[in-house]
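# A structural walkthrough
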Amino acid sequence: MQNLFKALAKFQQEVPILHKDTKGFSYTYTDLPEIIRVITPYLKANNLGFTQLLEGNQLKTIVFHTESGEMLESSADIPTDTLKGMNQFQILGSAITYMRRYALTSAFGLVTDKDLDGSSIEDKLSRCDTEEELAQIFNQLDASDKTKFKVKFTERKEQLNVK
């Protein structure tokens with residue numbers, strides 16, 4: 001599992017924060033196509049892949065290392081609650097998509113929160129090795145977080161320039 005864990009750790013350090021930009025009824029979320037679009041180049045760069053299979057009333061997510069064949073698996077029950085105005089096929093399709101999103105964010109340790117707490121941002125900053133990485137994180141923040149964390153970004157930039 002050494003190859004998989006090493007690649008997964010590198011992936012997690014590189015992949016950007018995914019913003020919740022799709023509107024639900026009274027909430028926002030990152031939709032499945034956007035998650036896949038953003039993570040695909042980082043998966044490829046780190047020799048990682050995934051598949052998600054239906055097994056009865058469960059979704060099985062398999063994360064694998066393309067070179068070593070090492071893999072991690074997890075399974076989650078697919079909810080079958082009744083939703084107003086939806087037939088059983090719409091309910092199932094919606095539940096599968098929902099579970100796929102959350103299984104991927106869990107398996108890969110993705111951050112999908114637009115309103116991040118300070119420790120998450122500071123953790124990302126501490127792992128930056130270049131000014132380009134700092135800029136990428138800074139540009140993903142909303143205006144209030146940019147103001148709130150500008151000093152931390154400046155401090156980290158100065159640290160990188162000293163090295």
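A brief report on the enclosed structure follows. (Residues numbered from 1 in each chain as written. Predicted model: local features only at pLDDT ≥ 70, side-chain atom pairs only at ≥ 80, totals over all residues. Heavy atoms only, no water.)

For helix α2 (residues 32-45), with 14 residues, the first-to-last C-alpha span of 20 Å sits near the 20 Å given by 1.5 Å per residue. At Ile 39, α2 shows its strongest bend, of approximately 40°, with the proline Pro 41 following within four residues. When we look at burial in α2, the residues that qualify are Leu 32, Ile 35, Val 38, Ile 39, Tyr 42 and Leu 43. Against α1 (2-14), β3 (48-55), α3 (88-108) and α5 (131-140) lie the buried residues of α2. Its side-chain oxygen at 2.9 Å from the backbone nitrogen of Glu 34, Asp 31 defines the N-terminal cap of α2. One or two positions beyond α2, positive phi appears at Asn 47, with a value near 55°. (Helix = DSSP H or I, 4+ residues; strand = E, 2+ residues; numbered from the N terminus. Expected span 1.5 Å × (residues − 1). Bend = angle between axes of the 7 residues up to and from the residue. Buried < 20%, exposed > 50% of the residue type's maximum accessible area, 1.4 Å probe, protein only. Contact = heavy atoms within 4.5 Å. Polar contact = N/O pair within 3.5 Å; in protein donor to acceptor, adjacent residues only side chain to side chain.)

Further remarks concern the sheet that holds strand β5 (residues 71-77). Read from one edge of the open sheet, three strands run β3-β4-β5, paired in antiparallel fashion. The open sheet terminates on both sides in strands that have one partner only, identified here as β3 and β5. Within the sheet, the average angular offset between the axes of one strand and its neighbour, ignoring direction, is 15°. Of the pairings in the sheet, the one linking strand β4 (residues 58-65) to β5 comprises seven bridges and is antiparallel in character. Paired with Thr 61 across the two strands is Ser 74, which belongs to β5. (Pairing = 2+ DSSP bridges. Axes fitted to C-alpha atoms, helices over the stretch in contact; angles between N-to-C directions.)

None of this, on its own, says anything about what the molecule does.
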